[in-house]
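Each chain, letter by letter, is given below.
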Amino acid sequence: MLERGFMNNNKKFYNNSITNGLVYLKTLRSFCINIQLSFLKQNDYYIKIAESFYQELVNLSNELLKSSKGMISKDIIDNKLLITEYTLPTYLLTEKLFKVKLPTNIVEEELKFQPGEYEPTYEEVIKMYELNKKIITVISNFKDFLTEIFNAESSGELFSYSYPFLIRIIIGLTNIFILIVERTNQNLASDPTFVCNIEYISVKLVKDFNMFLRSFVDPSREDIILKSQSFVVEVSHLITEYRIANLSPKNQEDLAVKSKKVIDRFAKFLSYVIEQLLKNEVYLIVEPVFLDNMYHSIKIIQYFIFGIKEEIKKEIESN
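Counting restarts for each chain, with residues numbered from 1 along the sequence as it is written. Two thresholds apply to this predicted model, a pLDDT of at least 70 for residue-level local features and 80 or more for giving and counting side-chain atom pairs, whereas whole-chain, interface and lining totals are computed over all residues. In computing side-chain properties, one takes all heavy atoms of the structure into account and sets aside hydrogens as well as water.

Q: Before we go on, may I ask you to explain the overall build of the protein in this structure?
A: The secondary structure listing takes helices from DSSP runs of H or I that are at least 4 residues long and strands from runs of E that are at least 2 residues long, numbered from the N terminus. From N to C terminus, the protein includes eleven helices and two strands. In sequence order, the secondary structure elements of the protein are arranged as α-α-β-α-α-α-β-α-α-α-α-α-α. Taking the contacts inside the protein whose residues are at least 6 apart along the sequence as the reference set, 81% of them involve residues at least 24 apart. Only the protein chains shown count as cover for residues, with accessible areas throughout obtained via the Shrake-Rupley method and a probe of 1.4 Å. A total of about 15,500 Å² of accessible surface is found on the protein, and carbon and sulfur atoms cover 54% of it. In what follows, a contact means two residues having at least one pair of non-hydrogen atoms within 4.5 Å.

The structure is reproduced here in structure tokens:
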């Protein structure tokens, strides 16, 4: 797979590995913080394990940063897929409110990224391949830890401020990330079937995010709660369409158009909520970085799911 005669492919593999790793590890780091803060002191066992995973994710992120040589695709920078406009402010507010230390150094390094792609040596490509395998192992172990928490919460043996429903969503996201890294290591390109499956999962994630958002907001902000609920209802209908529609190319295209419009509107709404938070106009019972993580996930969906689908469509039409 990683042969010397295919260095162009190896260059793409190397840079895709860095992009995917930095993008998705940021999401998992934030979820780790949420898990750490959600347990009571008597559950120190789980807190320490979450802290350990968090540090491993930070270390892996730093390894990827070092391997990037300060370069990343211009599209990734322009679409704010590594850090959003809210990442640093929500990091700082979370540190202030919860007295935790977040990796602001990673954010600062990513702000310095220059557009471009690094030309790796063959030895560096091999090291990246091994680093991906290490990432898969860490994330797989993290998923096992999440599964343990989910089972304990669901059976009434463990209390946490993170709902079992949320833990189940994080498990689903770890599965997606593992699949993406495995596909990267196998040099598999995105295909319509893969993208459509992830598209459905992404649409459902928007519903889940709104269910969380309406429960996190101070009840006095009825406007935000009602708007979140309207998204829950709208996306529920859309999910039903996915389930019952005859998946012809025309139906798939219609659903994709509807989904993209809903997700784009939700991104603007979520941006508004975060700005309200940073202005102290709304109170939420969740760490601020969690909201940036939601927003970051939506940016990923907008680009990697619907953006990739558009690229595939263009490639098919040009052939």
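Here the narrative resumes.
Q: Explain the pattern of salt bridges here, please?
A: A side chain with one charge can pair with a side chain of the opposite charge if their charged atoms come near. Salt bridge criterion: a side-chain nitrogen from Lys or Arg within 4 Å of a carboxyl oxygen from Asp or Glu. If you walk through the whole model with that rule in mind, you get 15 salt bridges. Close ionic contact of lysine 133 with glutamate 130 constitutes a salt bridge, the shortest N to O distance being 3.5 Å. Pair noted here: lysine 133 and glutamate 130 are both in helix α6 (residues 122–154), with a separation of three residues, about one helical turn. On the basis of relative accessibility, which here comes to 37%, the residue lysine 133 falls in the partly exposed class. The shortest N-O distance in the salt bridge between aspartate 254 and lysine 250 comes to 2.8 Å. A residue pair is termed a helical-turn pair when its members lie 3 or 4 positions apart in one helix, as aspartate 254 and lysine 250 do in helix α10 (residues 249–278) at four residues. Partly exposed residues are those whose accessible area sits between 20% and 50% of the maximum for their type, while under 20% is buried and over 50% is exposed, using a 1.4 Å probe and protein chains only.

Q: Honestly, α6 in this entry has me stumped. Any pointers?
A: Since the α-helix packs 3.6 residues into each turn, any two residues three or four apart lie on the same face. With 33 residues, α6 extends 48 Å between its outermost C-alpha atoms, agreeing within 8% with the 48 Å of an ideal straight helix rising 1.5 Å per residue. Directly beyond the C-terminal end of α6, a positive phi value near 75° is found at glycine 156. By definition here, a helix of n residues has an expected span of 1.5 Å times n minus one.

Q: How should the packing of helix α9 (residues 222–244) against α10 be read in this particular structure?
A: To characterise two packed helices, one gives the angle between the axes of the helices and the distance between these axes. Lines fitted to C-alpha atoms define the axes here, with helix axes fitted over just the stretch in contact, and angles between the N-to-C directions of these axes take values from 0 to 180 degrees. Contact geometry for α9 and α10: axes closest at 11 Å, N-to-C directions at 165°. Taken as axis vectors, α9 and α10 run roughly antiparallel relative to one another. The element α9 and its partner α10 pack so that their crossing is left-handed. Taking contact as the criterion, the partners of Asp223, Ile224, Lys227, Ser228, Phe231, Glu234, Val235, Leu238, Glu241 and Tyr242 in α9 are, on α10, Leu255, Ala256, Lys258, Ser259, Val262, Arg265, Phe266, Phe269, Tyr272 and Val273. For classification purposes, an angle smaller than 35 degrees is called roughly parallel, one larger than 145 roughly antiparallel, one from 65 to 115 roughly perpendicular, and anything else oblique. Each crossing is labelled by how the near helix is turned from the far one, with a counterclockwise turn of less than a right angle marking it left-handed and a clockwise turn marking it right-handed.

Q: What's the story with unusual backbone geometry in this structure? I'm lost.
A: Across residues other than glycine, the phi torsion is negative in most instances, and most of the peptide bonds are trans. With a phi angle near 55°, lysine 80 is a residue other than glycine that sits in the positive phi range. On the secondary structure map, lysine 80 appears in the loop between α3 (74–78) and α4 (87–98). When its relative accessible area of 32% is taken as the criterion, lysine 80 is described as partly exposed. Phi at lysine 99 is positive, roughly 55°, even though this residue is not glycine. Topologically, lysine 99 is positioned in the loop between α4 and α5 (104–111). Looking at lysine 99, the relative accessible area reads 70%, which means it is exposed.

Q: Before we go on, may I ask you to explain the packing of aromatic side chains in this structure?
A: When the centres of two rings from Phe, Tyr and Trp lie within 6.5 Å, Trp using its six-membered ring, the rings pair. Their planes under 30 degrees apart give stacked, over 60 give edge-to-face, and anything left gives tilted. Taken as a whole and judged by the stated rule, the model has 18 aromatic pairs. Judged by centre distance (5.4 Å) and plane angle (20°), the rings of phenylalanine 39 and tyrosine 46 are stacked. Within the aromatic cluster, the residues linked to one another by ring pairs are Phe31, Tyr163, Phe165, Phe212, Phe216 and Phe290.

Q: How do you make sense of the packing of helix α2 (residues 44–68) against α5 when you look at a structure like this?
A: At a minimum axis distance of 11 Å, the contact between α2 and α5 shows a crossing angle of 20°. The orientation of α2 with respect to α5, classified from their angle, is roughly parallel. Judged by the sense of rotation from one axis to the other, the crossing of α2 with α5 is left-handed. Listed contacts from α5 to Val58, Ser61, Asn62 and Leu65 of α2 are Asn105, Ile106, Glu109 and Glu110.

Q: Explain the nonpolar core here, please?
A: The tendency in soluble globular proteins is for nonpolar side chains to be buried as a group. Here the nonpolar core consists of buried residues drawn from Ala, Val, Leu, Ile, Met, Phe, Trp, Tyr and Cys, with membership extended through side-chain atoms lying within 4.5 Å. Counting 100 residues, the largest nonpolar core has Ile35, Phe142, Leu213, Phe266, Leu284 and Ile298 as its most contacted members. When sequence neighbours within four positions are dropped, the list of residues in contact with phenylalanine 142 reads Leu28, Cys32, Ile35, Phe53, Ile170 and Thr174.

As far as function goes, none of this settles anything; it's purely spatial.
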